[in-house]
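The residues making up each chain are set out below.
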Amino acid sequence: MEIIKLSDYSIFIGDIRESLSAFLQQKNYSRLIIICDDNTQRYCLTLIESILNQNFIIVKIPSGEQHKHIETCKFIWQQMMQQGLDRKALVINLGGGVIGDMGGFCAATYKRGVDFVQIPTTLLSQVDASIGGKLGIDFMEVKNSIGVFQNPQAVFIDPVFLKTLSEREIRSGFAEIIKHSLIADKVQWREIWKSEVGSRKLEGVDFEQFIMPSLKIKQRIVEADPFEKGLRKALNFGHTIGHAVESLMLETSEPLLHGEAIAIGMICESYLSYKLQGLPQQDLEEISAFILKIFGHHSLQEADFQRLVQLMQNDKKNEGDQINFTLINPIGSAIINQNASAEEIVESLRYYNQL
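The structure displayed is predicted, hence computed values, not measured ones.

**Focus on the pattern of salt bridges**
Line of reasoning, step 1. Tallied over the full model, the rule gives 18 salt bridges.
Line of reasoning, step 2. Between Glu 251 and Arg 307 there is a salt bridge, with its nearest N and O atoms 2.8 Å apart. Within this pair, whereas Glu 251 is found in the loop between α9 (239-250) and α10 (258-277), its partner Arg 307 is found in helix α12 (residues 305-313), the two being separated by 56 residues in sequence.
Line of reasoning, step 3. Residue Glu 251 is classed as partly exposed on the basis of its relative accessible area of 44%.
Line of reasoning, step 4. By relative accessible area, which is 25% here, Arg 307 ends up partly exposed.
Line of reasoning, step 5. We note a salt bridge from Lys 275 to Glu 347, for which the minimum N-O separation is 3.3 Å. In this pair, Lys 275 sits in helix α10 while Glu 347 sits in helix α13 (residues 342-354), placing the two residues 72 residues apart along the sequence.
Line of reasoning, step 6. Of the residues examined, Lys 275 reaches a relative accessible area of 46% and is grouped as partly exposed.
Line of reasoning, step 7. One continuous salt-bridge network, built from bridges that share partners, spans Glu 65, Lys 68, Asp 101, Lys 143 and Glu 246.

**What to know about the sheet that holds strand β2 (residues 10-13)**
Line of reasoning, step 1. Taken in spatial order, the seven strands of this open sheet run β1-β2-β9-β6-β5-β3-β4, and their pairing is mixed. Whereas interior strands pair on both sides, the edge strands pair on one side only; in this sheet they are β1 (2-5) and β4 (56-61). Between one strand and the next, the sheet's axes are offset by a mean angle of 20°, whatever the strand orientation.
Line of reasoning, step 2. Here β2 pairs with strand β9 (residues 154-157) via four bridges, running parallel. In the sheet register, Phe 12 faces β9, and the bridge partner there is Phe 156.
Line of reasoning, step 3. Sheet strands in contact with helix α1 (residues 16-26) are β2, β3 (32-37), β5 (90-95), β6 (115-120) and β9, and its direction is about 160° off that of β9.
Line of reasoning, step 4. Across the sheet, helix α3 (residues 70-82) lies against β3, β4 and β5, angled at about 160° from β4, the strand it touches most.

About the criteria used
- Residues numbered from 1 in each chain as written.
- Predicted model: local features only at pLDDT ≥ 70, side-chain atom pairs only at ≥ 80, totals over all residues.
- Heavy atoms only, no water.
- Salt bridge = Lys/Arg side-chain N within 4 Å of Asp/Glu carboxyl O.
- Helix = DSSP H or I, 4+ residues; strand = E, 2+ residues; numbered from the N terminus.
- Buried < 20%, exposed > 50% of the residue type's maximum accessible area, 1.4 Å probe, protein only.
- Pairing = 2+ DSSP bridges.
- Axes fitted to C-alpha atoms, helices over the stretch in contact; angles between N-to-C directions.
- Contact = heavy atoms within 4.5 Å.

Dropping the structure here:
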């Protein structure tokens, strides 16, 4: 069992039967409520239900980013209210980033706040959403535009959950591992770039080796800037364009997973780093080639470029009328609060399309 201690909660990495059981024995919660979806109820709940020391309530919600909105929250709150949950209850969020974000948001706002813990079951949520206490939902097609900062009581990461994931879900999570290295650890980027991940299918790759280094990077950034006033904005690399692409694709019959959209965003924002911050062309080409090798290419329609720019103009990270970016130069070093014009953004989208 490895433990990362933050200011007011800990992240336990290892056998969840040991860590969650010990946590619950130390507490005296009146009720337990588990928020899950079809997938995590089927594949993940069986891994923990035997250690829950009392009867628990299950609230099952639809899976997918398209359900991360206020109507789903209303359903969760209604279930909590109808079950008579008081402020001494514990909410257990069992799932990926959507459940962690939305379940945490519902817990933080129900009766002005009840305790919650995160059990991230995807690679993406284990290396990204598990640290930082950012909770929220999408609103008016803008990702995470309604939310709060509230830390969980604990986070429980068990790599056993990765065995329940498809290769596509694993690949999506790997995008955040790539991001962490590009913004904060050039040595880790080199390790990833040289690893077997880029040379064969993801099946059989030991992703546990990447979880702890990635968590350490995010821990360092979040502890220095818990409320995203400065340094924490480094974590937005790839996300201004990536979130817009993700939102646009949610309107289609073939939506992209979060990491797939962020992969596109990282290539485009690496191009902006090359154009605006002098990132060496060789680095741009290296980043682009590696990401394409992992994620493939999803062509964007030229007719959608202005719509993408409009979505970026509504991004919560913006200040004034400027679209805000985090760029990189050199690899392993982030430059926050950078602006790009609509023309430069379109140029980056065209760069991606021609790859």
